[in-house]
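Coordinate inspection notes
One letter stands for each residue in the lines below.
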Amino acid sequence: MARKRKGRDISGWLVIDKPAGITSTAVVNKVRWAMDAKKAGHAGTLDPEATGVLAVALGEATKTVPYITDALKAYAFTVRLGQATNTDDAEGEVIAQSDLRPDDDAIKAALGGFVGDIMQVPPQFSAVKVDGERAYKKARDGEEMALAARPLWVEELLLVDRPDADHVVLEMTCGKGGYVRSIARDLGDVLGCKGHVKFLRRIWSGPFQAENGITMDQVDAMAKTPDLDTYLQPLEVGLCDLPEVRCLAESVAKLRNGNPASVIASDVEYGEEVWASYDGKAIAVGTYRGGEMQPTRVFVA
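In this report, the structure presented in the accompanying data block is examined. Model, not experiment: these values are computed from the prediction. Residue positions are counted from 1 within each chain, in the order its sequence is given. Owing to the predicted nature of the model, reporting of local features is limited to residues with pLDDT of at least 70; listing and counting of side-chain atom pairs is limited to 80 or more, with chain, interface and lining totals taken over all residues. The basis for every side-chain value is the complete set of non-hydrogen atoms in the structure, without hydrogens or water.

Below, the discussion takes up helix α3 (residues 104-111). Partly exposed describes any residue whose relative accessible area lies between the buried limit of under 20% and the exposed limit of over 50%, with all areas from a 1.4 Å probe on protein chains only and scaled to the type maximum. Only DSSP runs of H or I reaching four residues or more are called helices, and only runs of E reaching two or more are called strands; each is numbered from the N terminus. Every buried residue belonging to α3 is among Ile107, Ala110 and Leu111, and all of these are buried. Across the axial projection of α3, the buried residues extend over an arc of 105°, all falling on one side. Turned more than 90 degrees away from the buried face of α3 sit Asp105 and Ala109, all of them exposed. Throughout, a residue-residue contact means that at least one pair of heavy atoms, one from each residue, lies within 4.5 Å. Against β4 (73-81), β10 (150-164), β11 (167-174) and α5 (180-191) lie the buried residues of α3. It is the directions from the helix axis to the C-beta atoms that the arc portrays.

Take a look at the structure:
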């Protein structure tokens, strides 16, 4: 018999403004402890030294994580020109240097090559798997890998500041799976001056804004108290990019049991993925079949 997981049956999203110096997994573990939650996860890893939005899903909200992971997200980051590192950020060892410093016009011109559908190679120190092992573990052992390029949609990449000749501040809006460190590395290569990320902050991710997040100090201060619950956002927020359909009372049980049921919809196309609500609460996610929905993911009340 499986051991029953301890904790509360609590569901929703807690948006953390992650500080530098802590892993995303450590943040999730602290939030789960602080809220005494049975289940928790996050929508998109941030590097330990990166700051900003880390959306932590609790309970049934973990079923909506893929929709936040797939959503657009925005980053503000500083690129240190003139140096390449083995980690593509400031934590690594400098492996190449250049005295060349391109002007703003050259940088702006180069940024255009990183917008739209692009292919990027993950950093050697990344969590991608190579022969069943994380790349960063192989990299720590001194192994150099030929990592495969991956597709990325970049909505926007802008030069927002040039504090000095050695540094450039950029903002990027992109889709799932983007490595900001790879953007900095590749931009430096295109410009001929080398580069790495010195500072990285995720400004927003899907519906979640860094400015609305709470700090880890606040989590510690309110741990195990009802005060922390007041910051919990409903799991439905994680479904904001899907069309909503409404179901009647007699459809609720059918959908939660995985059976097709009647729904009320407007401006929804046949075959479109939707989420069904009853009294404003998410019942299921599924495929709209013209007057009814076939559930693919259900939410326990």
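Now that the structure is up, let's keep going.
All right, on to the pairing of strand β3 (residues 51-58) then. The buried count for β3 comes to eight of eight residues, which makes it a mostly enclosed element. Two strands form a pair only when DSSP identifies at least two bridges running between them. Where strand β1 (residues 12-18) lies against β3, seven bridges are found, and the strand directions are antiparallel. Looking at β3, one finds that Gly12 is bridged to Leu58. The pairing of strand β2 (residues 40-42) with β3 spans three bridges and is classified as antiparallel. In the strand pairing of β3, Gly41 is matched with Ala57. For β3 and strand β12 (residues 195-205), the ladder comprises two bridges, and the chain directions are parallel. Bridge pairing in β12 places Gly52 opposite Arg202.

Judged by pairing direction, the barrel is mixed, and its five strands sit side by side in the order β14-β15-β18-β17-β16 before closing back on the first. The average undirected angle you get between the axes of adjacent strands in this sheet is 55°. Bridge count for strand β14 (residues 244-247) against strand β16 (residues 273-278) is three bridges, and the pairing is parallel. Across the sheet, the residue bridging to Val245 is Ala276, located in β16. Where helices are involved, their axes are fitted lines through C-alpha atoms of the stretch in contact, as for all axes, and angles between N-to-C directions lie from 0 to 180°. Relative to the sheet, helix α8 (residues 249-256) contacts β14, β15 (261-264), β16, β17 (281-288) and β18 (292-298), its axis offset from that of β17 by approximately 70°.

Keep in mind that most residues, glycine aside, have a negative phi and that most peptide bonds are trans. Look at Asp36: it is not a glycine, yet its phi comes out positive at around 50°. Looking at where Asp36 falls in the secondary structure, it is placed in the loop between α1 (24-34) and β2. Backbone geometry at Asp267 places phi at a positive 55°, although glycine is not the residue there.

What follows concerns the pattern of salt bridges. Whenever Lys or Arg places a side-chain nitrogen within 4 Å of a carboxyl oxygen from Asp or Glu, that contact is recorded as a salt bridge. Scanning the model with the defined rule gives twelve salt bridges in all. We note a salt bridge from Arg181 to Asp47, for which the minimum N-O separation is 3.0 Å. Here Arg181, found in helix α5, pairs with Asp47, found in the loop between β2 and β3; they are 134 residues apart in sequence, far enough to count as distant. A salt bridge links Asp104 to Arg162; the shortest N-O distance between them is 2.7 Å. Of this pair, Asp104 sits in helix α3 while Arg162 sits in strand β10, placing them 58 residues apart in sequence. What makes Asp104 partly exposed here is its relative accessible area of 30%.

Let us now look at the nonpolar core. Only buried Ala, Val, Leu, Ile, Met, Phe, Trp, Tyr and Cys residues count toward a nonpolar core, and they belong to the same one when joined by side-chain atoms within 4.5 Å. Core analysis: the biggest nonpolar cluster contains 27 residues, and Tyr75, Phe77, Leu157, Leu170 and Met172 have the highest contact counts within it. Where this core is concerned, the elements lending two or more residues are β4, α3, β10, β11, α5 and β12. At five residues, α5 tops the list of elements feeding residues into this core. With near-sequence residues (within four places) excluded, Tyr75 lies in contact with Leu46, Leu170, Glu171, Met172, Cys174, Val180, Leu200, Arg201, Arg202 and Ile203.

This part takes up α1. Of all the residues in α1, the buried ones are Ser24, Val27, Val28, Val31 and Ala34. Viewed end-on, α1 has its buried residues packed into an arc of 130°, placing them on one side of the element. Next to the buried residues of α1 lie β1, β2, β3, α6 (216-222) and α7 (226-229). At the C-terminal side of α1, Asp36 shows a positive phi close to 50°.

With their axes 10 Å apart at the nearest point, α3 and α5 run at an angle of 120° to one another. Our classification of the angle between α3 and α5 gives oblique. Where α3 crosses over α5, the two elements pack in a sense that is right-handed. Note on element contacts: α5 touches α3 through Leu187, Val190 and Leu191, opposite Ala106, Ile107, Ala110 and Leu111. Residue type decides the class: Asp, Glu, Lys and Arg count as charged, Ala, Val, Leu, Ile, Met, Phe, Trp, Tyr, Cys and Pro as nonpolar, and the leftover types, Gly among them, as polar. Within the contact of α3 with α5, the residues separate by chemical class into seven nonpolar, no polar and no charged. Each angle gets one of four labels, with under 35 degrees taken as roughly parallel, over 145 as roughly antiparallel, 65 to 115 as roughly perpendicular, and the rest as oblique. Two helices cross in a left-handed way if the nearer one is turned anticlockwise from the farther one by less than a right angle. They cross in a right-handed way if the turn is clockwise.

Our next topic: the pairing of β18. Consecutive side chains of a regular strand alternate in pointing toward one face of the sheet and then the other. As paired strands, β15 and β18 are joined by two bridges and run antiparallel to one another. Bridging from a neighbouring strand, Ser262 pairs with Glu292 of β18. Here β17 pairs with β18 via five bridges, running antiparallel. Following the sheet pairing, Thr287 is matched in β18 by Gln294. Between β17 and β18, which pair antiparallel in sequence order, lie three residues; one of them, Gly290, sits at a positive phi of approximately 70°.

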